[in-house]
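Structural description and commentary
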Amino acid sequence: MAARSAMTTPSWRAALIGALGLGLAGPAVAGELETRATLYLWASGLTGTQALAGLPPTDVDLGFDQILDKVDMAAAGLVEVRGDRAGFLGELNYVKLSAKAAGPGGALTGDLTSKATFALLAGTWKVDETPARRVDLIGGVKYFRFSNALTLAPGPVAASGHADWVDATVGVKASFALSDTWSLKTWAMLGAGGSDLSWDVLAAFDYQINDTWSASLGYRATGVDYASGSFSYDMRQYGPIIGLTRRF
């Protein structure tokens, strides 16, 4: 049994064009380009509800300590390119989890495999800059894909489902200089289209080690509310985040 979803309505195309227009309007990137690549670890927990292949919605409330030993693979990073006014922001986050599962009453037991991916492609446009701060608008798209497979025995009982969609996404990001080596980085984004609503907020302190490297520590929270057919995902992901950035 599988659940599939795709978003192809004209309203989605209009939202996508509008969001991309924010980052592409005006003159092309000018001046010397600055590129930053960041790898990060997000010690996040999960809370909310999800439903798979027509089964009743399941409540989820997991802390990072409960998730850590179930992670099979994880990869997360972002790239930012900045010119005089315009720029680019891209991010990829992927995680695969394996866990034991039980059916109603515990009569059936088995395994659950879950894969989650989100990717952001966005343009940025500087709207304010002083020696103490910089503020950029964000406009682009965020891609989501969730895939779950459940097998229970005796039986066996098996169910699987996946959904993928795209949200037009807009937001703002800002950086504030606190000293010669310390700064505060923030962003807030909202999206919709494939999902009813998606959001993403971040605040992190950044320490400049030298001209090439910096390290950051902060807190991030995201949420997604999606439902289509027999697959639904209404979840919040939150927790501290640590990153290492290289400038090129």
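Residues numbered from 1 in each chain as written. Predicted model: local features only at pLDDT ≥ 70, side-chain atom pairs only at ≥ 80, totals over all residues. Heavy atoms only, no water.

1. Structural notes on the overall build of the protein
Secondary structure assignment for the protein yields two helices and 12 strands. Moving toward the C terminus, one meets the helices and strands of the protein in the order α-β-β-β-α-β-β-β-β-β-β-β-β-β. Counting the 248 residues in the protein, one finds 40% classified as buried. Contacts in the protein between residues at least 24 apart in sequence constitute 61% of all its contacts with a sequence separation of at least 6. Roughly 12,900 Å² of accessible area belongs to the protein as shown, and the carbon and sulfur atoms make up 63% of that amount. (Helix = DSSP H or I, 4+ residues; strand = E, 2+ residues; numbered from the N terminus. Buried < 20%, exposed > 50% of the residue type's maximum accessible area, 1.4 Å probe, protein only. Contact = heavy atoms within 4.5 Å. Areas by Shrake-Rupley, 256 points an atom, 1.4 Å probe, with all protein chains shown as cover.)

2. Side note on the pattern of salt bridges
One pass over the full model with this rule turns up 13 salt bridges. Ionic pairing is found between D200 and K142, a salt bridge with its closest N-O pair at 3.2 Å. In this pair, D200 sits in strand β10 (residues 197–208) while K142 sits in strand β7 (residues 133–153), placing the two residues 58 residues apart along the sequence. Neither residue differs from the other here; D200 and K142 are each classed as buried. Here R220 ties to D200 by a salt bridge, and the two come within 2.6 Å at their closest N and O atoms. With a gap of 20 residues between them, R220 in strand β11 (residues 213–228) and D200 in strand β10 connect regions that are remote in the sequence. Assigned by exposure class, R220 and D200 land together as buried. Several salt bridges converge on common partners, so that one network encompasses E34, R36, R82 and R247. (Salt bridge = Lys/Arg side-chain N within 4 Å of Asp/Glu carboxyl O.)

3. Section: the side chain of K173
Relative to the helices and strands, K173 resides in strand β8 (residues 157–177). Here E80 takes part through its side chain, which lies 2.5 Å from a polar atom of the side chain of K173. What K173 contacts, discounting residues up to four positions off in sequence, is E80, R82, T124, R134, V135, D136, I138, T186 and W187. (Polar contact = N/O pair within 3.5 Å; in protein donor to acceptor, adjacent residues only side chain to side chain.)

4. What about the nonpolar core?
In this structure, F146, W165, F231 and Y233 are the most contacted members of the largest nonpolar core, which totals 29 residues. Other than its neighbours up to four places away in sequence, W165 contacts K142, Y143, F144, F146, G194, S195, V224 and Y226. (Core = buried A, V, L, I, M, F, W, Y, C linked by side-chain atoms within 4.5 Å.)

5. Comments concerning the side chain of T117
Residue position: T117 is located in strand β6 (residues 109–130). T117 has contacts with L92, N93, Y94, Y143, F144 and R145, leaving out every residue within four places of it along the chain.

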